[in-house]
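As a plain string of letters, each chain reads:
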Amino acid sequence: MDGTQDSRGQRAVEKFVPKAERPPPMPVSGAIPWMRRNLFSTVVDSIVTIVVSGMLGVVIWNIVEWGIVDAVWTADNRRECMDQSMDGACWAGPALWFDNFIYGLYPETERWRVNLGAVVLALWLAPLFFARVTAKIPTAASVVLTYPLFASYLFYGGEKGIFWTAISALGLTMFIMALANAALELSGGRSIGKVMEDRFGLTSFRRKAIPVIVLWIAVAVVWSGVELEIVRTVKWGGLFVTLVISGIGITFALPAGIMLALGRRSRLPLIKYVCVVFIEVFRSVPLITVLFMATTMVPLFLPEGVTFDKLLRAIVAVCLFAAAYMAEVVRGGLQSVPKGQPEAAAALGLDYWRTTSLIVMPQALKLMIPNILSNFIGLFKDTTLVAIIGLFDLLGMVKAMSNDTNWIGLVDEPYLIAAFIYFCGCFAMSRYAKSLEQRLSTERR
Amino acid sequence: MSTSAPPRSQRSQFSRLVSDPKARGLFAQAVVGAILIFSIWYLYSQTVYNMEKRGLTAGFDFLWTTAGFDIGFHMIDYSPTDTFSRVFLVGIINTLFVSAIAIVLATLLGFIVGIARLSSNWLIARIAATYVEFIRNTPLLLQILVWYGGVFTLLPPPRQSLEFGFGAFALNNRALLLPAPIDEGLFWITVLAFVAGVILTFGIARRARLLREATGEAPKWGWKALTLIVVLPGVVYLLTGLPLSWDVPALSGFNFQGGFAVTPPFLALVLALTIYTSTFIAEIVRAGILSVGKGQTEAAHSLGLPATRTLKLVIIPQAMRAIIPPLISQYLNIVKNSSLGVAIAYPDLVAVWMQTSLNQAGRAIEIVATTMLFYMTVSLTISSLLNIYNRRVQLKER
């Protein structure tokens, strides 16, 4: 026994006996330690984990059983669905109606126009996501300003007349320019403006405009031969209308919001108070009251014979509403620009408009991009309200389906499909906003 | 005017005027004012003309005429023979009632979910995060319609009601039935005792705070508060001879009689508003708690404060400063979003006033204006309260 004393009270020579080895330290990585740390760290924690995962399992199983195992995938009406399976989902209905969810009652033979519009928009916007394309602001501006001109004719159709031909051809021209620019920059690395300068010696803005105008005229001549069948807006519907309303809403809201926000910060009392009143009124009332106002009061304001499309009225209401909200977003961005910036600009002798457009706004807008996107998500969700005033957006089409004679009473399945579509759109945008926010904030540091 | 250049002095005066910011400001304002006046005049005259043509009249006299329609859910007495002004009142009360209940429930649920998102248990945190992402990214109106059309109208009919709480509660496709309290005359004394208890508790809390600030002693007053708020009214209730009785709903024939019936639209609206807003509140709570720096917790621990007191005295007071302003704007959103009840025929202000009354009375301008006025009043009241709060919090800061 080491450490004990022998009978003579002297310490015996201690013999070295190694202690028992300690157990190896707990592994810190791998599945089991992870679970021990995050799921079973205490007794209470373990009980919670077990109970909750049991409940979750039951819920998930029920959903799977209802939605997949017992579900019916092909049937012509609700009765057939119920004959096949009483307590499963009936996906046959939404499957048959899916095209209507997307296009509304847009005639089937004309739906390619909606698709074409979507493709054009996607191609037009695509260069913005390439780092090599430098002419981003002209591209973005051309989309915002001229895509609606082209798309409105594409979707609505009918007789064009000279004016409408010229206007919609301008959109098409700008689309061609943007594509050409993207192609040039992605292959050669120079923007179309630079190429015009270097190759053809078109240095001034006026000279550059000449080939564009020539192209415009050429496009207009070709375009005037095309006449599309008219599709009245009562037939528009589904996700298409949702995107039309929210798209126009956001494109209008941004410039209008900027003007309102600048007006609100103005030193001129009249302008300031007009803007304050507009912003505060529209921000303090619910959107549905604005929509009701547009449907009931606008006809009283218009001169005789002028009628306003129902869709157009809804769009006007959404635009006014969105502008007020955007104004507050912009104001937030303007406030975050340090005061030294406009002061420095003033010291350099820049006037109000130059200071605003060259110094303050670019910095503010960059900071605002995530907020603008989240505002757009809100608008995208809010457009469902137009279903209340009788338009057939995505939600309106879903409601229409559960009132259809073949599918009457089928409520949950179409709503789930719609919820899924909205979720995908909003979630993707919110993720994009988050990643942008991170990217922009690291740039600022 | 001739094409030749004006005399030099005149010209420089003009150019001086152009470059003078004051003059330019006045000019811009004059232009805006002129446009404003013109458009108001134009809209006014156009509206007057249109209304004359259609034989419409203006004015608020319709408020005192009989409405003639029934309202499915009202908190105050209402019958179809009542006037439009009564309808307006019923709508306002319905809006505020549904909003108040949704505000309380959404705050509770939001705080629970927000704290759950910060849970150290991975499963709980993930479930909370999934809940938030899924609910937040789908439109509120869709959720309202799902709750209404997909849940409450698919419940069994009254004869096969789901009953719980030993038959005191019943849920069917027409209503949720709750037992209704009936006052037999002396209940006001209990209410009075309760109010007195609350006021006295405030006094005690204040004195305790002053004492603590003056001397550093922290007297315990929790049990006093409990006595005053719970025991005192309870004793008074017993002494006055149990003045409340409960009217329990009972099935008779095809429907329930008695009790307090809450209609499916109300339930659907409250649930949807609660769940939708709770996700936003959860994010606010989470951000608020995360906004308190880690150093605060560490400093509190190094001073020897245990975890619960750290939370109560250090984290929560600082987090509340970041939580309350956006929380209040969520409350405002609840009031505004309650107007979506119109889609499922919940008789809120928009439904009974902007829809039914507008169709019946036809006074579009008056009705739209009063509705907007109501919402603006609510909004301005809440935002001014918020400003007062912000000012108080900021004073403490520095």
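A quick note: this is a predicted structure, and the numbers were derived from the prediction, not measured.

**A closer look at the overall build of chain B**
Inference 1: Within chain B one finds 12 helices and 8 strands.
Inference 2: Taking 398 residues into account, the globule formula puts the C-alpha radius of gyration at 21 Å, and chain B, at 29 Å, lies well above it.
Inference 3: Along the first, second and third principal axes, the C-alpha set of chain B runs to 100 × 70 × 45 Å.
Inference 4: Out of the 398 residues belonging to chain B, those deemed buried represent 38%.

**Re the overall build of chain A**
Inference 1: Scanning chain A from terminus to terminus reveals 17 helices and 0 strands.
Inference 2: On C-alpha atoms alone, chain A measures out to a radius of gyration of 32 Å, which is more than a quarter above the 22 Å that the 2.2 N^0.38 rule sets for 445 residues.
Inference 3: For chain A, the spread of C-alpha atoms along the principal axes amounts to about 125 × 75 × 50 Å.
Inference 4: A buried classification covers 41% of the 445 residues belonging to chain A.
Inference 5: Taking the intrachain contacts of chain A between residues at least 6 apart in sequence as the baseline, contacts between residues at least 24 apart amount to 68%.
Inference 6: For chain A, the accessible surface area stands at approximately 24,900 Å², while carbon and sulfur atoms represent 67% of it.

**A look at the packing of helix α12 (residues 287-301) of chain A against helix α13 (residues 310-335) of chain A**
Residues and elements named next belong to chain A.
Inference 1: At a closest axis distance of 9 Å, the pairing of α12 and α13 adopts a crossing angle of 135 degrees. Classified by the angle between their axes, α12 and α13 sit oblique to one another. At the point where α12 passes α13, the crossing takes the right-handed sense. Contact residues: Leu287, Val290, Leu291, Ala294, Thr295, Val298 and Pro299 in α12; Arg313, Ala314, Ala317 and Phe321 in α13.
Inference 2: When the residues that make up the contact of α12 with α13 are grouped by side-chain class, the tally is 9 nonpolar, 1 polar and 1 charged.

**A few points about the side chain of B:Thr310**
Inference 1: Here B:Thr310 shows up in helix α10 (residues 307-337).
Inference 2: With sequence-adjacent residues up to four places away left out, B:Thr310 is seen in contact with B:Thr297, B:Ala300, B:His301, B:Leu305 and B:Ile315.

**Side note on the domain arrangement of chain A**
Inference 1: For chain A, the assigned domains read domain 1 (1-59), domain 2 (107-231) and domain 3 (240-445).
Inference 2: A straight line from the C-alpha centre of domain 1 of chain A to that of domain 3 of chain A covers 59 Å.

**Here we look at the state of the cysteines**
Covalent bonding between the sulfur atoms of two cysteines is what defines a disulfide.
Residues and elements named next belong to chain A.
Inference 1: Applying the stated criterion across every chain yields a total of 1 disulfide over all chains.
Inference 2: We note that Cys319 lacks a disulfide partner, and the nearest cysteine sulfur, in Cys275, lies 17 Å from it.
Inference 3: Residue class for Cys319 comes out buried when judged on its relative accessible area of 8%.

**Notes on the confidence of the model for chain A**
Inference 1: With 96% of its residues at a pLDDT of at least 70, chain A reaches an overall mean of 86.
Inference 2: Within chain A, helix α11 (residues 269-284) of chain A carries the highest mean pLDDT (92), whereas helix α8 (residues 192-200) of chain A carries the lowest (77).

**A word on the pattern of salt bridges**
Inference 1: Enumeration over the complete set of coordinates arrives at 10 salt bridges over all chains.
Inference 2: For B:Arg209, the salt bridge identified is with B:Glu213, shortest N-O distance 3.5 Å. Pair noted here: B:Arg209 and B:Glu213 are both in helix α6 (residues 187-215), with a separation of 4 residues, about one helical turn.
Inference 3: By relative accessible area, B:Arg209 is classed as partly exposed at 37%.
Inference 4: Each of A:Arg264, A:Glu280, A:Glu328 and A:Arg331 takes part in one network of salt bridges that share partners.

**Here's the deal with the interface of chain A and chain B**
Inference 1: On the side of chain B, 54 residues touch chain A, which itself brings 50 residues to the contact.
Inference 2: Counting the surface lost from both chain A and chain B, the interface buries some 4,600 Å², and carbon and sulfur atoms represent 73% of this.
Inference 3: If you sort the residues of chain A by the area they bury against chain B, A:Leu300, A:Phe301 and A:Lys381 come out on top, with a joint share of 14%.
Inference 4: The interface formed by chain A and chain B holds 1 salt bridge in total.
Inference 5: Linking A:Arg431 and B:Glu133 is a salt bridge whose minimum nitrogen-to-oxygen distance equals 3.7 Å.
Inference 6: Connecting chain A to chain B are 9 residue pairs in polar contact (both at pLDDT 80 or more).
Inference 7: Put simply, the parts of the chain that give the side of chain A that touches chain B at least two residues each are α1 (31-38), α2 (43-69), α11, α12, α16 (394-402) and α17 (412-444) of chain A.
Inference 8: When the residues that make up the side of chain A that touches chain B are grouped by side-chain class, the tally is 35 nonpolar, 8 polar and 7 charged.

**Brief notes about the packing of aromatic side chains**
All names here are of chain B.
Inference 1: The tally for this structure, following the rule as stated, stands at 33 aromatic pairs over all chains.
Inference 2: Aromatic pair Phe73 and Phe266: ring centres 5.1 Å apart, planes at 25 degrees, arrangement stacked. Of the two residues, Phe73 is situated in the loop between α2 (21-54) and α3 (84-117) and Phe266 in helix α8 (residues 264-291); the sequence distance between them amounts to 193 residues. The same class applies to Phe73 as to Phe266, namely buried.

Definitions and limits used
Residues numbered from 1 in each chain as written. Chains lettered and ligands numbered in written order. Predicted model: local features only at pLDDT ≥ 70, side-chain atom pairs only at ≥ 80, totals over all residues. Heavy atoms only, no water. Helix = DSSP H or I, 4+ residues; strand = E, 2+ residues; numbered from the N terminus. Rg over C-alpha atoms; globule rule 2.2 N^0.38 Å. Buried < 20%, exposed > 50% of the residue type's maximum accessible area, 1.4 Å probe, protein only. Contact = heavy atoms within 4.5 Å. Areas by Shrake-Rupley, 256 points an atom, 1.4 Å probe, with all protein chains shown as cover. Axes fitted to C-alpha atoms, helices over the stretch in contact; angles between N-to-C directions. Parallel < 35°, antiparallel > 145°, perpendicular 65-115°, else oblique. Left-handed = near helix turned anticlockwise from the far one by under 90°. Nonpolar A, V, L, I, M, F, W, Y, C, P; charged D, E, K, R; others polar. Domains from an automatic or database assignment. Disulfide = S-S within 2.5 Å. pLDDT = per-residue confidence, 0-100. Salt bridge = Lys/Arg side-chain N within 4 Å of Asp/Glu carboxyl O. Buried area = accessible area lost by both parts, 1.4 Å probe. Polar contact = N/O pair within 3.5 Å; in protein donor to acceptor, adjacent residues only side chain to side chain. Phe/Tyr/Trp six-rings, centres within 6.5 Å; stacked < 30°, edge-to-face > 60°.

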